[in-house]
Amino acid sequence: GGKFFHSPYVSMSQAYSAGGICSNVLDLMQWTRFLSEGAVLGRDAYDLMVTPTQLLDGTTIEYGYGFAIGYLDGHRRISHVGGTLGFSSFMAHYPDDDLRVVVLSNTEGTRTAAIESEIARLVLGLEERSSRNIELSADELRIYTGTYDISLAEVTVSPAKDRLVAELTVPGLEGRYELLFQGDDTFEVESDPETYARFEVRDGVAEGFVLVHQGITMRGRRVAPAT
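Computed from a predicted model, the values in this text were never measured in an experiment.

Draft legend 1. Looking closely at helix H3 (residues 112-124). Helix length check: H3 (13 residues) gives 18 Å between terminal C-alpha atoms against 18 Å at 1.5 Å per residue, within 8%. Residues of H3 that are buried sit in contact with strand E3 (68-72), strand E4 (75-84), strand E5 (87-94), strand E6 (99-105), strand E12 (192-202) and strand E13 (205-213). After H3 finishes, the residue Gly 125 shows a positive phi value of roughly 70 degrees.

Below, the structure is given as structure tokens:
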């Protein structure tokens, strides 16, 4: 309702290494440097962490051992997103630019990934992404609506006035996102221009999409039509 409220209490000891840590931005900046230089696990182990993984079916995904491997307008980015009850965070390393960015928030749902991108764009001198929305009719929006499986979770896409809305339950990305149509079956997330989905349409129905988030590519497969 537009107001802040306390998140439900949970003991962080239950999360262990997935949340049982108390730190700050400056310490985490040092952590990323020590880790990338091989001072924590060794250089060989770190290289495995930042190398794309090949799945058993031969598919290569842009995720290593704990790190996402992507790009920001051609600048290589090694990143990790975090979120739990009452907190949200994002950490990125641009190895070719010697740039590290850490964003911490004590408010769950904060778009820390979008904030990180804005900071990196300023430092790297990149142009700010601008958003637009091409209006579609109700019949045109219906082409894309339905439920999609992206392995981590299901995404529900539904119409809302002149645009689409996607609802996700992925940790760190959970929420309701408005999608802006850019043309060519492509929609951009209004709150995060770095994230967009290109739908694969056949015979007037979307069968899936390719989702690009922070330079990382994920695929979505349609599992249910619009209700």
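Draft legend 2. Structural context of the pattern of salt bridges. Applying the stated criterion across every chain, the model contains 13 salt bridges. Here Arg 33 makes a salt bridge to Glu 37, at a shortest N to O gap of 3.9 Å. You can call Arg 33 partly exposed: its relative accessible area is 34%. Among the salt bridges present, the one from Asp 47 reaches Arg 43, with a minimum N-O distance of 3.2 Å. You can see Asp 47 and its partner Arg 43 sitting in helix H2 (residues 43-49), 4 residues apart, about one turn around the helix. Three or more residues are tied together by salt bridges with common partners; here these are Asp 162, Arg 163, Glu 178 and Glu 190.

Draft legend 3. Examining the nonpolar core more closely. Ranked by size, the top nonpolar core spans 20 residues in total, and within it Tyr 144, Leu 164, Phe 187, Phe 199 and Phe 209 carry the most contacts. Mapped by element, the contributors of at least two residues to this core are strand E8 (154-160), strand E9 (163-168), strand E10 (175-183), strand E11 (186-189), E12 and E13. Excluding residues that lie within four positions of it along the chain, Leu 164 makes contacts with Leu 141, Tyr 144, Thr 145, Val 157, Ser 158, Pro 159, Tyr 177, Glu 178, Leu 179 and Phe 187. Formed by 10 residues, the second largest nonpolar core is a distinct cluster that contains Leu 35, Tyr 46, Ile 69 and Val 102.

Draft legend 4. Broad picture of a nonpolar patch on the surface. A cluster of nonpolar side chains, namely Trp 31, Phe 34, Val 40 and Leu 41, defines an oily patch on the protein surface of about 360 Å² accessible area. Structurally, the position occupied by Phe 34 is in helix H1 (residues 25-36). Residue classification places Phe 34 among the partly exposed residues on the basis of a relative accessible area of 33%.

Draft legend 5. Representation of the confidence of the model for the protein chain. Per-residue pLDDT for the protein chain averages 87, and the proportion of residues at 70 or more is 96%. Of all secondary-structure elements in the protein chain, the lowest mean pLDDT belongs to strand E2 (residues 60-61), at 80, while E6 reaches the highest, 96.

Draft legend 6. Region of interest: H1. Here H1 spans 17 Å end to end across 12 residues, near enough to the 16 Å set by a 1.5 Å rise per residue. Where the residues of H1 are buried, they touch H2, E5 and E6. Between the side-chain oxygen at the start of H1 and the backbone nitrogen of Leu 26 there is a gap of 3.2 Å, and the oxygen is on Asn 24. One or two steps after H1, the chain reaches Gly 38, where phi turns positive at roughly 85 degrees.

Draft legend 7. Region of the structure containing unusual backbone geometry. Phi at Asp 73 takes a positive value of approximately 50 degrees, unusual for a residue other than glycine. For Asp 73, the position within the fold is in the loop between E3 and E4. A positive phi angle, near 55 degrees, is found at Asp 184, a position not held by glycine. Relative to the helices and strands, Asp 184 is located in the loop between E10 and E11. Judged by its relative accessible area of 63%, Asp 184 is exposed.

Cut-off values and rules
- Residues numbered from 1 in each chain as written.
- Predicted model: local features only at pLDDT ≥ 70, side-chain atom pairs only at ≥ 80, totals over all residues.
- Heavy atoms only, no water.
- Helix = DSSP H or I, 4+ residues; strand = E, 2+ residues; numbered from the N terminus.
- Expected span 1.5 Å × (residues − 1).
- Contact = heavy atoms within 4.5 Å.
- Salt bridge = Lys/Arg side-chain N within 4 Å of Asp/Glu carboxyl O.
- Buried < 20%, exposed > 50% of the residue type's maximum accessible area, 1.4 Å probe, protein only.
- Core = buried A, V, L, I, M, F, W, Y, C linked by side-chain atoms within 4.5 Å.
- Patch = residues over 30% accessible without salt bridge, like charges linked within 9 Å, V, L, I, M, F, W, Y side chains within 5 Å.
- Areas by Shrake-Rupley, 256 points an atom, 1.4 Å probe, with all protein chains shown as cover.
- pLDDT = per-residue confidence, 0-100.
- Polar contact = N/O pair within 3.5 Å; in protein donor to acceptor, adjacent residues only side chain to side chain.

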